[in-house]
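The primary structure of each chain is shown beneath.
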Amino acid sequence: MAIETTVVGSYPKPPTEGEQFTLRKTLHALSRGDASESDLRAAHEALAREVIEEQEAAGIGIVTDGHVRWDDILTPFARHMAGFEIGGLLRWFDNNVYYRRPICIGPIEWRGPASVDAFKFAKSIAKSRVKAVIPGPVTFARLAVDEHYSDHQEFVLAISRVLAQEAFELEAAGAEFIQIDEPALLEAPEDLDLAREAIYVITSELKTAETTLATYFGDAKRLGPELFEFPVAGFAFDLISGPENMQVIKELPPEKRLQAGIVDARNTRLEATDDLVREIEELASIVGAKSLRVSPSAGLEFLPREKARAKLQRLSEAARRVGS
Amino acid sequence: MTENQLPGPGLWTTSVGSFPKPDYITKARSQFARGEIDREALRELERKATREWVEFQDSIGTDLIVDGEMYRGDMVAFFAEEMPGLEIGGLVRSYGNRYYRKPIATGPVGRDHPMTVDWWEYAQSLTDKPVKGMLTGPYTICDWSFNEHYSSRRDFVLDLAKVVRDEALDLERAGARFIQIDEPAASTRMDELDLVIESMNIVTEPLQAHTITHICYGKFHEAYPKMLDIPVDQIDLEFANSEYSLLEEFSDNPFTKFIGLGISDVHTHDIEPVDAMAEGIRRSLKHIPAERMFVDPDCGLKTRTVEEAKEKLSNIKKAVDVVRAEL
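Residues numbered from 1 in each chain as written. Chains lettered and ligands numbered in written order. Predicted model: local features only at pLDDT ≥ 70, side-chain atom pairs only at ≥ 80, totals over all residues. Heavy atoms only, no water.

So, the overall build of chain B
Regarding its fold elements, chain B presents 11 helices and 10 strands. Dimensions of chain B, computed from the C-alpha atoms along their principal axes, are close to 55 × 45 × 40 Å. Burial status across chain B gives 61% buried among its 327 residues. When contacts within chain B are restricted to residue pairs at least 6 apart in sequence, those whose partners lie at least 24 apart make up 75%. Accessible surface, chain B: about 12,400 Å² in total, of which carbon and sulfur atoms supply 48%. (Helix = DSSP H or I, 4+ residues; strand = E, 2+ residues; numbered from the N terminus. Buried < 20%, exposed > 50% of the residue type's maximum accessible area, 1.4 Å probe, protein only. Contact = heavy atoms within 4.5 Å. Areas by Shrake-Rupley, 256 points an atom, 1.4 Å probe, with all protein chains shown as cover.)

This is how it looks when you write it as structure tokens:
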């Protein structure tokens, strides 16, 4: 049977070398007052369409809109929560990529959906299935500044209640797959119990959507097998930056799914398809082909467009070969 | 070290490196990229802009001058373009609507000609004040490049260190008494801080010049005090954008080197008032003596407008004058 393929989330915004970079130009024009918000929306939609078609052409089974509207994974959500203002730039984990730090200055409340319109648009144009992605509450809290709650647990749970509302709205809008990104959990094993409680706040609101807890940029070994007690349908691991994750997945309970990040989303060197085939076969022998989905190791935005595309092509070719 | 000492009781003003490019440079760079003007025409304009920035720094009384990097697009790509073994890759995003061409190591890196010496000589010819030699450190070049050649990051970094060392030695031979080797990525991965130290030692070991490194905030609170083991005379850090939170660390573990004290946030259009800057310097003087303190913006100013950058630099100088009068 065919091995399913997916992506982790983001996709390069720049065009193929030599083509027009419309989004960048539109944003520049907007800042000069030479373009309107509706021009920006058109540029976002055109790019989302391109990114979805590109993933589909590469043969990816479950796609995202590439997060083409987002500067980072936190800001769009923080902007839709009362209680947050947007702070300065900080490094996004160990990448030469930056995010704006949300600063909590008052009680956190939901102010309407942050990602639902973008999801609906993606779903309306995609031929394949579309995954919604939201930040995890622990990652959100740890990368933000809390100037209001002064209690980490209270802060995390307040964020999780808003994200639960977002997830509920995504499901209502037709999301079959919701991925919750918790990369910061890898460096915060002390937050494991809190994270489980916070994730429960989100997933207990959902009836039909299949949920995945995603970590990337490192090993989940420090979290121990208790991670697998989280109330989600599956787990995503980065097998490139976290080689120990190969051991971690051996503990995966049979009823849980694995999303295995096996092509390097942070380096341009192309993986050999034969190597990917062998790796997928090994993974399938551990967790079973039915429970396995393969993906890049993280969002693909760290790569130039051509490299991201080439990596997806090889990933899905390898997955097809294993399945045939 | 003493022969490199600047005159006066300390609290010298300087800059971290880059300044905004005037519109005529931005325009000329696009024209050059499209093949509409030749390299020499672009160079002539880059020299003009360099001269304007050196004259500006002189006019406000800056003690240690930078050339402003009018001829560099990006602090890693500039060196990558000049070095065998590195190729310029496709566009990747750093944040918001900002993108850069991330280099790719496709073979062993090396150096077949000096990369910055002629620009240093030109800038130094324009002023009697010392001009800093400005290099990007080996760890940061590795960290901000893709790697399709080396089997380990360490091998890549140590090869780069030899290249940067040879460039630094050529700057020193040309007369540079202050050489800055920027390692903004040094505070990224704590398990590689030893590699930062090892590679910096390759670069600075043979140098007589006053050596400086600029490190971005990152995981500062984890990297300190080990950061003090990086073999340079001075570390330049950003204080303004973290509201001087770094100073708390210095109470427990005294800062033992010369410091570059960043007192103006480079990511905001706001021009910090002189009073606030002066207060920041006073707070910092409780931890580090004036004779070991250089004062500058948090980081390179290239993302600000020319006017904003000039106002920030002018206010820094005024704040320093206020505090100097109290010493």
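Comments concerning the pattern of salt bridges
All names here are of chain A. Enumeration according to the criterion identifies 50 salt bridges over all chains in this entry. For R257, the salt bridge identified is with E4, shortest N-O distance 3.8 Å. Here R257 is found in strand 10 (residues 257–263), whereas its partner E4 is found in strand 1 (residues 4–5), with 253 residues between them in sequence. The partner of E317 in a salt bridge is R321, and the shortest N-O contact between them spans 3.6 Å. A residue pair is termed a helical-turn pair when its members lie 3 or 4 positions apart in one helix, as E317 and R321 do in helix 10 (residues 305–323) at four residues. We classify E317 as partly exposed; its relative accessible area is 31%. (Salt bridge = Lys/Arg side-chain N within 4 Å of Asp/Glu carboxyl O.)

Some points on the pairing of strand 5 (residues 129–135) of chain A
Residues and elements named next belong to chain A. Counting buried positions over the seven residues of strand 5 gives six, a clear majority of the element. With two bridges connecting them, strand 2 (residues 62–63) and strand 5 associate as parallel partners. When the sheet's bridge partners are listed, V63 is paired in strand 5 with V130. In this sheet, strand 7 (residues 177–181) lies alongside strand 5 in parallel orientation, the contact comprising five bridges. What sits directly across from A132, in strand 7, is I178. (Pairing = 2+ DSSP bridges.)

Focus: the interface of chain A and chain B
Contact with chain A, which involves 29 residues of that partner, is made by 27 residues of chain B. Surface buried jointly by chain A and chain B totals about 2,400 Å² across both partners, of which 47% is contributed by carbon and sulfur atoms. When the buried surface of chain A facing chain B is broken down by residue, A:L89, A:R91 and A:N96 rank first, second and third, together holding 23% of it. At the boundary of chain A with chain B, the tally comes to six salt bridges. Where A:E187 meets B:K219, a salt bridge forms, and the shortest distance between an N and an O atom there is 3.4 Å. (Buried area = accessible area lost by both parts, 1.4 Å probe.)

Some thoughts on the side chain of B:T213
Residues and elements named next belong to chain B. By the secondary structure assignment, T213 is in strand 7 (residues 210–214). Among the polar contacts made by the side chain of T213, one reaches the main-chain carbonyl oxygen of I181 at a distance of 2.5 Å. Contacts of T213, omitting those with residues within four sequence positions, involve I181, D182, E183, M200, I230, V232, Q234, I235 and D236. (Polar contact = N/O pair within 3.5 Å; in protein donor to acceptor, adjacent residues only side chain to side chain.)

Notes on the pairing of strand 10 (residues 293–296) of chain B
All names here are of chain B. Side chains M293 and V295 of strand 10 all project onto a buried face; the interleaved residues F294 and D296 project onto the opposite face, where all are buried too. Taken together, the two bridges between strand 1 (residues 12–13) and strand 10 define a ladder with parallel strand orientation. Each residue of the ladder has a partner; that of T13, found in strand 10, is V295. You can see the chain leave strand 9 (residues 258–262), run along helix 10 (residues 274–285) and come back into strand 10, and the turn it takes is right-handed. (Right-handed = clockwise from strand over helix to strand, strands pointing away.)

What about the packing of helix 2 (residues 37–58) of chain A against helix 10 of chain A?
Viewed as axis vectors pointing N to C, helix 2 of chain A and helix 10 of chain A meet at an angle of 35°, and their least axial separation amounts to 8 Å. Residues A:L47, A:E50, A:E54, A:Q55 and A:A58 of helix 2 of chain A form the contact with helix 10 of chain A, whose own contacting residues are A:R305, A:R309, A:L312, A:Q313, A:S316 and A:R320. (Axes fitted to C-alpha atoms, helices over the stretch in contact; angles between N-to-C directions.)

Side note on the sheet that holds strand 4 (residues 133–136) of chain B
All names here are of chain B. Pairing is parallel in the open sheet, where seven strands are placed in the order 1-10-9-8-7-6-4. Unpaired on one side and paired on the other, strand 1 and strand 4 mark the two borders of the sheet. Here strand 4 pairs with strand 6 (residues 178–182) via four bridges, running parallel. Bridge pairing links L135 to I181 in strand 6. Sitting on the sheet, helix 10 touches strand 9 and strand 10, and the angle it makes with strand 10 is about 155°.

Quick word on the layout of surface pockets
All names here are of chain A. Taken as a whole, the second largest pocket spans an internal volume of roughly 590 Å³. Among the secondary structure elements, those contributing two or more residues to the lining of the second largest pocket are helix 2, helix 3 (75–78) and helix 4 (116–125). At five residues, helix 2 tops the list of elements feeding residues into the lining of the second largest pocket. For the lining of the second largest pocket, the residue count by class is eight nonpolar, four polar and seven charged. (1 Å grid on protein atoms, 1.4 Å probe; cavity = no way out; pocket = protein on both sides within 12 Å on 5 of 7 lines; lining within 4 Å. Points joined across faces, edges and corners; volume = space filled by probe spheres on them. Nonpolar A, V, L, I, M, F, W, Y, C, P; charged D, E, K, R; others polar.)

Description of the environment of A:H80
Residue and element names in this part refer to chain A. Topologically, H80 is positioned in the loop between helix 3 and strand 3 (81–91). Remark: the alpha-carbon pair of H80 and L23, spanning 57 residues in sequence, is separated by 23 Å. A distance of 3.0 Å separates the side chain of H80 from the backbone oxygen of P76, its partner in a polar contact.

Describing the packing of helix 2 of chain A against helix 4 of chain A
Residue and element names in this part refer to chain A. Taken N-terminus to C-terminus, the directions of helix 2 and helix 4 make an angle of 50°; their axes are 10 Å apart at the nearest point. As judged from the angle between their axes, helix 2 and helix 4 are oblique. Note on packing geometry: the crossing formed by helix 2 with helix 4 is right-handed. Of the residues in helix 4, those in contact with E45, A48, R49 and I52 of helix 2 are F121, A122 and I125. For the contact of helix 2 with helix 4, a count of residues per class yields five nonpolar, no polar and two charged. (Parallel < 35°, antiparallel > 145°, perpendicular 65-115°, else oblique. Left-handed = near helix turned anticlockwise from the far one by under 90°.)

What about helix 4 (residues 117–124) of chain B?
Each full turn of the α-helix corresponds to 3.6 residues, which orients residues three or four apart in the same direction. Residue and element names in this part refer to chain B. Burial analysis of helix 4 places six of its eight residues in the buried class, which makes it a mostly covered element. Listed as buried for helix 4 are V117, W119, W120, Y122, A123 and Q124. The inward-facing, buried residues of helix 4 abut helix 2 (39–60), strand 4 and helix 6 (153–174).

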